[in-house]
Amino acid sequence: MRKWMLLLLGVFIFTGCEHQDQVSKIVFLSNRESPKGQFDIFLMDPDGSNQTNLTKELETVRSISRPQLSPDGSKILFVGFEKSKSLCLLDIVDKSVTPLVTLETDSPQASFSPKKDEILYIDKLAGKKQIYIVNIKDKKKRLLSDGSAEDFDPAFSPDGKKIAFIRKTGNNSSIWIMNRQGGDLKQITSSDSKDRCPSFSPNGKKIVFQSFKKSNDICLVTIKNKKIESLFQNSANNTKPEFSPDGPYILFLSTTRGMRYLDVFSYNLETKSVKVASNNINFINQNPAFTPDGKRIVFESVAFDDSEIYIVNANGEKLENLTNSKKWDCSPSF
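This write-up is about the structure you can find in this document. (Residues numbered from 1 in each chain as written. Predicted model: local features only at pLDDT ≥ 70, side-chain atom pairs only at ≥ 80, totals over all residues. Heavy atoms only, no water.)

### Some words on the sheet that holds strand β28 (residues 329-333)
And then number 1: Pairing is antiparallel across the open sheet formed by 4 strands, whose spatial order is β3-β2-β1-β28. Pairing within the sheet leaves two strands with one partner each, and these edge strands are β3 (52-53) and β28.
And then number 2: In terms of strand pairing, strand β1 (residues 26-30) meets β28 through 3 bridges, oriented antiparallel. In the strand pairing of β28, Leu29 is matched with Cys330. (Pairing = 2+ DSSP bridges. Helix = DSSP H or I, 4+ residues; strand = E, 2+ residues; numbered from the N terminus.)

### Section: the packing of aromatic side chains
Remark: the centre distance and the inter-plane angle together describe each pair of aromatic rings, the angle taken between the planes.
And then number 1: Under the definition given, this model contains 8 aromatic pairs.
And then number 2: On the basis of an interplanar angle of 45 degrees and a centroid distance of 5.0 Å, the ring pair of Phe232 and Phe252 is categorised as tilted. Of this pair, Phe232 sits in strand β19 (residues 228-234) while Phe252 sits in strand β21 (residues 249-254), and the two are 20 residues apart along the sequence. Phe252 shares its class with Phe232; the two are buried. (Phe/Tyr/Trp six-rings, centres within 6.5 Å; stacked < 30°, edge-to-face > 60°. Buried < 20%, exposed > 50% of the residue type's maximum accessible area, 1.4 Å probe, protein only.)

### Points about the pairing of strand β25 (residues 296-302)
And then number 1: With respect to burial, β25 is a largely interior element, 6 of its 7 residues being buried.
And then number 2: Count of turn residues in the strand β24 (residues 284-290)/β25 antiparallel hairpin: 5 residues, of which Gly294 carries a positive phi of about 75 degrees.
And then number 3: Pairing geometry for β25 and strand β26 (residues 307-313), over 7 bridges, is antiparallel. Following the sheet pairing, Glu300 is matched in β26 by Ile309.

### Here's the deal with the pattern of salt bridges
And then number 1: This structure, assessed with the given rule, holds 14 salt bridges.
And then number 2: Asp117 is the partner of Arg180 in a salt bridge, and the nearest nitrogen-oxygen pair spans 3.4 Å. Taken as a pair, Arg180 in the loop between β14 (172-179) and β15 (186-187) and Asp117 in the loop between β8 (111-112) and β9 (118-125) lie far apart in primary sequence, 63 residues in all.
And then number 3: Note on Arg180: relative accessible area 9%, which makes it buried.
And then number 4: Residue Arg196 pairs with Asp153 through a salt bridge whose shortest N-O separation is 2.6 Å. Taken together, the residues span a long stretch of sequence, with Arg196 in strand β16 (residues 195-200) and Asp153 in strand β12 (residues 150-156) at a distance of 43 residues.
And then number 5: Given a relative accessible area of 7%, Asp153 falls into the buried group. (Salt bridge = Lys/Arg side-chain N within 4 Å of Asp/Glu carboxyl O.)

### What to know about the sheet that holds β12
And then number 1: In spatial order, the strands read β12-β13-β14-β15; together these 4 strands make up an open sheet with antiparallel pairing. The two strands at the open ends of the sheet, each matched to only one other strand, are β12 and β15.
And then number 2: The pairing of β12 with strand β13 (residues 162-169) spans 5 bridges and is antiparallel. For Phe152, the partnering residue across the bridge sits in β13 and is Ile166.

### Some points on a positive patch on the surface
And then number 1: A grouping of Lys124, Lys129, Lys168 and Lys194 is seen on the molecular surface, where their side chains present a positively charged patch.
And then number 2: Structurally, Lys194 can be placed in the loop between β15 and β16. (Patch = residues over 30% accessible without salt bridge, like charges linked within 9 Å, V, L, I, M, F, W, Y side chains within 5 Å. Areas by Shrake-Rupley, 256 points an atom, 1.4 Å probe, with all protein chains shown as cover. Lys, Arg positive; Asp, Glu negative; His and termini not counted. Charge placed at Lys NZ, Arg CZ, Asp CG, Glu CD.)

What follows is the structure, given as structure tokens:
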């Protein structure tokens, strides 16, 4: 009996570790093995090893396909360009591709639901950006926006019950929240705001965002009382803030070095300190993403004729090139 228990425990530990390794893979785009104008979807380990091309036989991947792993690490969501633009799922094991919905836009800002069963995205309806959700199993899509304005930059709350988004009316854009059915609408920032890119805190009580209302700020708003705090501001373009999964860090992009440059910044909420996570390398450093544990950041770094994927600790230390390929390696995510 004891031997059986030890055996079962060993199986549980092995499969648990295997699952953890799978979800911590980095997915990215590269044209190192592709015909001109095309890209492929690759997977690699967080240390840069085991770089594997998953789409050698696929001709629908482009530089703007924006791949991302499903929460269980079994599939990859991407934008496919075949006869029409579509949100697609690539099965990592058998390499099969399942189109989910056709698109009018090249940039659907798609993301998996924390509940793993749906995908949130935007598309155009009567020329306006609107928010949709599609069920992965039956491919049924639902329009969440009410059509009264342009809605975009959608982001799930950590529990998957709420969605933060930007509503644009005229020249102004403010943060709103709705439930995953599209109801219970609440405006969080004022109607005369110029806000972008909301991201929930891990406990779902705050939202970090980009604001143009006074200068160009990275701000934090408490949902309950709508109190806003400016975290970082200067005359540069500061954009696309995102909370780390464990909470203490916020990453964002900034042109602090000058308009020719773009860098990944890391803001520590506990010490109120800011670090340049990209360490001023190359010209354009973009598409950052936290590792699932929030300890490190991957991003794409672009030189004149090359693009590499780097990884760095969330505090800006230990910068490392993962790809080291004289081709374009870009759009890393977990």
